[in-house]
Each structure stands twice: as C-alpha cells, then as structure tokens.
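The chain contents come next:
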Amino acid sequence: MRFLVTGGAGFIGSNFIRYILQLYPNYKVINLDCLTYAGNLKNLKDVEKNKNYKFIKGDIRNITLLKKLIKKIDILVNFAAQTHVDRSIKNSKEFIKTNIEGTWALLEVARLTKNLKLFVQISTDEVYGSIQEGSFIETDPLNPSSPYAASKAAADLLCNAYFVTYKVPTIIIRSTNNFGPHQFPEKIIPLFITNILENKKLPLYGDGLNTRNWIYVLDNVRAIDFLIHKGQAGEIYNVSSDEELTNLFITEMILKKFNLDSSWIKYVKDRAGHDRRYSIDSTKLRSLGWKPIYDFEKSLEATIYWYKKNIDLWKRLKRKKF
Ligand SMILES: NC(=O)c1ccc[n+]([C@@H]2O[C@H](COP(=O)([O-])OP(=O)(O)OC[C@H]3O[C@@H](n4cnc5c(N)ncnc54)[C@H](O)[C@@H]3O)[C@@H](O)[C@H]2O)c1
C-alpha cells in the first residue's frame, strides 16, 4: 500500500507515519508538508532514513505538485491543517486557505484520478459544537463555534459532496482532543507540562470547567489505521476514548505528577466563544471492533516523560512563538 500523508510533520501526522512504517514493512509513505510553525521534521528524525519513507516540502494547495504525487499512491490521508483555535480567533485567513481551499485542492486532484482507493479526511469533534448532555453521533448537524471548527466543518462538507457527486472514496474521521509526544507546546497539555519545566505558571481559561474527551494520540492513530482497512467509503466515523475530563482536572493531575499544588494555576480571561463541553459517541467505530487501549493517567505520565527527555525539541519552538 502506498500512502500520501499530508501534514505528516505535525503532531498526529508524525505519530501516524511512525506507526504505519513500524507496523507494515511493505507500506510506503510520502509525507507532504509545507512546514508551518507547527510542522517540524525533527518529529520524524527516527524514520527519515527508512527506505519506505519520503518527505516532500510543499503546500496542499499546489495542484501541479498534487497531480504528480497522486499517480504514485493508493491512499491519501489529510492531516494538514491550521489547528490552533486561539490563532483562528486572532486571524482566520490561513485557516480558510489550508483547511478549506487545501482540502478542496486535494479533492479536485483526487476526482481526476482512477487509482485512488481511499481519501481519508482527518476531522475533529469540534465541528459539532458544544453539547450540554449526551453525545453527538455522526449524522447530527454541524454547529461549529470557532473559525477553526467552521473551516474543518466546511472541509467535511466538501468531502461529502465529492463522494456524492464524483464518487471520490472519502472517509471522514472526527476525533476528540489528542495528547501525547510531539504535540506543539501551545495546546493545553504540552503547554502546561513545558511551563512547569520552565518554572512558569499555568494559564487556565475561565473557571477551568470546560470539558473534553481526551484520547492518547496512539489510540487515535490506531483508529485511523483500523478505518483505512475496515471503514467504508462515504462514511463518517467518530473516534473517542472513555475519558471525559475538565481542564481543571487535567491541570491538577499534571501538577500532581510534579508534586506541585494549585498555587501554580493562574486563571485567565476565558477564550471568546469557548465551547463548554464536547462529546461524541464512537459506537459506530467500536461496533466494527476498535476500542481504545491506552490508560489516560499512564499516557499522561509517558507524555510528561517525553517532554522532559526532549527539551531541545520544544524549547526553541516555544521561545520563538510565545
Ligand atoms: N490535535 C488534536 O487534538 C486534534 C483533534 C481532532 C482533530 N485534529 C485534526 O488532526 C489534524 C492534525 O492535527 P495536529 O494536532 O497534528 O496538527 P499540527 O498543527 O500539529 O500539524 C499540522 C501539520 O500540517 C502542516 N500544514 C499546515 N498547512 C499546510 C499546508 N497548506 N500544506 C501542507 N502542510 C500544511 C503543518 O506544517 C503541520 O506539520 C488536523 O487536521 C486537525 O484538525 C486534531
């Protein structure tokens, strides 16, 4: 099997590439990434010499380049995106360009090729918006709150339209919040771990009671691999773990792992339009035979260990961007 992975130098994409190359010695992976602030080739240092791996620096909106690459692959997995909600609130232009126009360019090229077996769109639970009780299923209407979530919702709708109109074999995968090694240190878990390592306070939004379902990145990567082999074109699949936690709970757990108390928390003004609770139901995926296997607390410990061991990897990035 030959993959084109876009955005593979980022957090989930790099974990996905490493997983695929380790699990399937015969699979080949091309990683197309334009290396924004969030893309870092050091995330894939350990596989860069693998004969089944090739990196190409380029933008997913470059149709000429995509036309060349699409001939060489069976499966396209689109991780490439602008991903940080706070950045989308400050300036959403790049989110429209990559998340909508970029997905459109990939779909346009995909519709002109005969050999593509699957187009996997990596989406997010944020497209459904906030829910007070219960959990969204795949057929629920989209109600995104942030420009980031709206741009991802638009990409999902484009994928669906290209499946219906042109029979592009799309699968949309909507996962909950990921955490784990190689995450850019602007999202809450790596930000708070690295802040502690730098002796800085932890800026917690609002009352800290915003609730998310948290999945270890390797469980999400397992789900994506599972769906590539067992999913059906034209379908949408939610991916979630069983861990619904408030930001405050996570913050206190991180502090506990460092033997620190809550005086390290600095409550800050809430994010505009901050969704209170995300929750999605992954029964559809689980009924096919997938379930999460990583324990939250142990995975958090593994994540803390990774950030302690890889200070060189994140310190320079953090200094440049904050
Ligand atoms: N991180 C999460 O918790 C989470 C949860 C659900 C869904 N997702 C989705 O998963 C995907 C990956 O998220 P992540 O957290 O790994 O993101 P990330 O920000 O760590 O990585 C994004 C990658 O895309 C690349 N990229 C951006 N614009 C590009 C372009 N125009 N052309 C080529 N490459 C480009 C960047 O250089 C970077 O390597 C995204 O689509 C995101 O919406 C993430």
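Residues numbered from 1 in each chain as written. Predicted model: local features only at pLDDT ≥ 70, side-chain atom pairs only at ≥ 80, totals over all residues. Heavy atoms only, no water.

As a further point, take the pairing of strand β2 (residues 28-33). The element β2 is extensively covered by neighbouring structure, given that five of its six residues are classed as buried. Note: strand β1 (residues 2-6) against β2, five bridges, orientation parallel. Its bridge partner lying in β2, T6 is registered against L32. One crossover worth recording links β1 to the parallel β2 by way of helix α1 (residues 11-23), and it is right-handed. The pairing of β2 with strand β3 (residues 53-57) spans five bridges and is parallel. The residue of β3 that forms the bridge with V29 is Y53. (Buried < 20%, exposed > 50% of the residue type's maximum accessible area, 1.4 Å probe, protein only. Helix = DSSP H or I, 4+ residues; strand = E, 2+ residues; numbered from the N terminus. Pairing = 2+ DSSP bridges. Right-handed = clockwise from strand over helix to strand, strands pointing away.)

Glancing now at the packing of helix α6 (residues 188-197) against helix α8 (residues 247-257). Between α6 and α8, the least distance of the axes is 10 Å, while the angle of their chain directions is 35 degrees. The crossing of α6 and α8 is right-handed. When α6 is examined against α8, the residues I188, I189, F192, I193 and I196 are found in contact with a partner set consisting of N247, I250, T251, I254 and L255. For the contact of α6 with α8, the per-class residue count stands at eight nonpolar, two polar and no charged. (Axes fitted to C-alpha atoms, helices over the stretch in contact; angles between N-to-C directions. Left-handed = near helix turned anticlockwise from the far one by under 90°. Contact = heavy atoms within 4.5 Å. Nonpolar A, V, L, I, M, F, W, Y, C, P; charged D, E, K, R; others polar.)

This brings us to the sheet that holds strand β6 (residues 170-175). Remark on secondary structure: sheet strands pair via backbone hydrogen bonds, oriented parallel or antiparallel. Judged by pairing direction, the sheet is parallel, and its seven strands sit side by side in the order β3-β2-β1-β4-β5-β6-β10 without closing on themselves. With partners counted over all chains shown, the strands left at the sheet margins are β3 and β10 (236-239), one partner each. With direction set aside, neighbouring strand axes in the sheet form an average angle of 20 degrees. As paired elements, strand β5 (residues 118-124) and β6 share six bridges and run parallel to each other. Along β6, the bridge assignment pairs S123 with R174.

It is worth spelling out the sheet that holds strand β9 (residues 211-216) at this point. Taken together, the three strands give an open sheet; going across it, the order is β7-β9-β11, and neighbouring strands pair in mixed fashion. The open sheet has two free edges, formed respectively by β7 (177-179) and β11 (244-246), since each of these has just one partner strand. Taking each pair of neighbouring strands and ignoring which way they run, the sheet shows an average axis angle of 50 degrees. Packing against the sheet, helix α7 (residues 217-230) makes contact with β7 and β9, and its axis sits at approximately 75 degrees to β9. Against the sheet, α8 contacts β9 and β11, and its axis sits at roughly 80 degrees relative to β11.

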